[in-house]
Amino acid sequence: MPGRVPLGELLIVDTDVHVHESPGALAPYCDPPWDVALRAVADVPERYLDIPGFSPGGDGTLTARFPTSHEATRMVHSPEQMVSELREIDVDLALLFPDHLLKIAVLPQADYAAALARAYNAWLIEEWTSRHPSLLAAIVACPQDPADAAREIERHAGDAAAVYLPCAGLDPLWGDRRYDPIYDAAQNAGLPVLLHAVTVTSPVFPFNNHGFDTEFARHSTSHTFSIMANVISMVSTGVVVRFPELKIGVTEAGISWMPFVCNRLDKEYVERRREVPFLTERPSHYVKRMYVATQPIEEPERLRDIVTLIELFDGQDTTMYASDWPHHDFDHPVKLDQVPLGDELRRKVFGENALTLFGIDRDGRRARR
Amino acid sequence: MTVVGRVADFPEGTHRVVEVDGRSVGVFNIGGRFYGLLNRCAHQGGPLCEARSTTGTLVSDGWRLEWAHEGEIIACPWHGLEYHVPTGQCLAFSHIRVRTYEVTVVGDDVVVTPASSRRPPAASDR
């Protein structure tokens, strides 16, 4: 489209990229006795995001494996590599999520999970974000130990840009009151919470996806169903009312489910308001306040449909670009830039909405609170 | 016509990315025959021919899956969109074909002829 600012000159804030945290790298940051367990698996030959006792099971491990030249196992091992690769795709600021710890919620030992979360948060800030101002930390909130997660948020309030809420294998969903300390701490710290799932097969809703034959089906649904379930959970239990200043964002689910959830909840509210009398507005009011990362952006034949989708959930001020670099289904900025967003919406989606969510300036610095 | 190397530079079952008239092109030796394919995926512009090696793929005969086209399929390293190298045809979307180049062996040289055919439509053009 002629006359537009080139992507290289546009502020691009990437709201979902992934660092590769190996057990050996986290071990020096991990409290005993769990550091011993990390060292014990440090040299295990790594299958993609699948290490026993660390990130068990996962994406594509159930279906038959045939040869392919698709490089579906890209990893970023250092902040220098990350900065260099993000520069290639014109990203200026990026929020860092983990690789293996996408599955932290499936770990059955609460003390181990909490120790892993503490180790990851310290490692991420020490080795990545404190040394590179363009890299922003999403510290992980361990769902198995909400009190410890709240302490972590307080501890890192000055260094983090967001709090990452893991969703894969999570039980119960993020609307449960046991998680209130996490929301209280995040709200007090002025940090947004961002939900992120990954494909696993587990007895826990909505990851009980063993009925599907293919990874095509499992991966089509895992992220999106999980985000939908958690958004509905957080509205229906009143998280959005109990923590009115808390900013909530969701990642890696695309955007086309948003109009459905808004409309469906509003429809049910007509009949079942008495179950959620604490909602003072129609349910879609709360859903529409959430920030939505675009990746994996839908690829309809009519690209204008993406603009329509954003309009359907009034997402002009809440939709944010994400690449999911370096994962197999990442979105290059050029993909989203094929959508006829218009100049203002383009600026907002590629960068300005994320600055608002994180409360940062164009250099990644947080405003004083 | 551009000489892109010697025959010995392209052992059977391998491919290399070369430059032809300012364009990046993958040159493939599949079973002793040479093929050229534009090094740009129609999906998000990924470096299609920088994929490590060609493979076969799964096709269906009725409801039975078969492993077919051994050595003739390249999946883009970025997102895995598959193409049939000899024809440039995308397997997932019938309307997508990546530009192919005629590759011949002249003496000991591998020679690429720049495509003069109309560029097939790409998803990103629509």
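From a predicted model like this one, the values you see are computed outputs, not experimental measurements.

Student: Explain the overall build of chain A to me, please; I cannot follow it from the model alone.
Tutor: In terms of helices and strands, chain A carries 13 helices and eight strands. Relative to its length of 369 residues, chain A is compact, with a C-alpha radius of gyration of 20 Å against a globular reference of 21 Å. With the C-alpha coordinates of chain A rotated into their principal frame, the extents come out at 55 × 50 × 50 Å. When the 369 residues of chain A are sorted by exposure, 48% land in the buried category.

Student: Looking at this structure, how should I read the interface of chain B and chain A?
Tutor: In many analyses, interface size is given as the accessible surface area lost on bringing the parts together. Facing the 15 residues of chain B at the interface are 13 residues of chain A. Every element with two or more residues in the side of chain B that touches chain A is listed here: strand S5 (55–61) and strand S6 (64–75) of chain B. Looking at side-chain class alone, the side of chain B that touches chain A contains six nonpolar, eight polar and one charged residues.

Student: Explanation requested: the sheet that holds strand S3 (residues 135–140) of chain A in the structure shown.
Tutor: Two pairing modes exist for strands in a sheet, parallel and antiparallel, and in both the strands are linked by backbone hydrogen bonds. All names here are of chain A. Spatially, eight strands are ordered S1-S2-S3-S4-S5-S6-S7-S8 in an open sheet, and the strand pairing comes out parallel. Of all the strands in the sheet, the pair left with one neighbour each is strand S1 (13–18) and strand S8 (319–320). Contacting S1, strand S2 (93–97) and S3, helix H3 (residues 79–88) crosses the sheet at an angle of about 135 degrees to S1.

Student: Can you walk me through the sheet that holds S5 of chain B in this structure?
Tutor: Residue and element names in this part refer to chain B. If you walk across this open sheet you meet the four strands as S5-S6-S7-S8, and the pairing is antiparallel. In the strand order of this sheet, the two ends are held by S5 and strand S8 (89–90), each with one partner. Pairing between strand S7 (residues 82–84) and S8: two bridges, direction antiparallel. Within S8, the position partnered with His-84 by the bridge is Gln-89.

Student: Is there a simple way to explain the pairing of strand S4 (residues 162–166) of chain A in this structure?
Tutor: Side-chain positions along a regular strand alternate between the two faces of the sheet. Residues and elements named next belong to chain A. S4 sits mainly inside the fold: five of its five residues count as buried. Neither face of S4 is open: one carries Ala-162, Tyr-164 and Pro-166, the other Val-163 and Leu-165, and all of them are buried. Across three bridges, the pairing between S3 and S4 is parallel. Bridging from a neighbouring strand, Ala-138 pairs with Ala-162 of S4. In the classification by handedness, the crossover that spans S3, the intervening helix H5 (residues 146–155) and the parallel S4 is right-handed. Pairing of S4 with strand S5 (residues 193–196), which is carried by four bridges, proceeds in the parallel orientation.

What counts, and at which threshold
- Residues numbered from 1 in each chain as written.
- Chains lettered and ligands numbered in written order.
- Predicted model: local features only at pLDDT ≥ 70, side-chain atom pairs only at ≥ 80, totals over all residues.
- Helix = DSSP H or I, 4+ residues; strand = E, 2+ residues; numbered from the N terminus.
- Rg over C-alpha atoms; globule rule 2.2 N^0.38 Å.
- Buried ≥ 20, exposed ≤ 12 C-beta atoms within 10 Å, placed from the backbone.
- Contact = placed C-beta atoms within 7 Å.
- Nonpolar A, V, L, I, M, F, W, Y, C, P; charged D, E, K, R; others polar.
- Pairing = 2+ DSSP bridges.
- Axes fitted to C-alpha atoms, helices over the stretch in contact; angles between N-to-C directions.
- Right-handed = clockwise from strand over helix to strand, strands pointing away.

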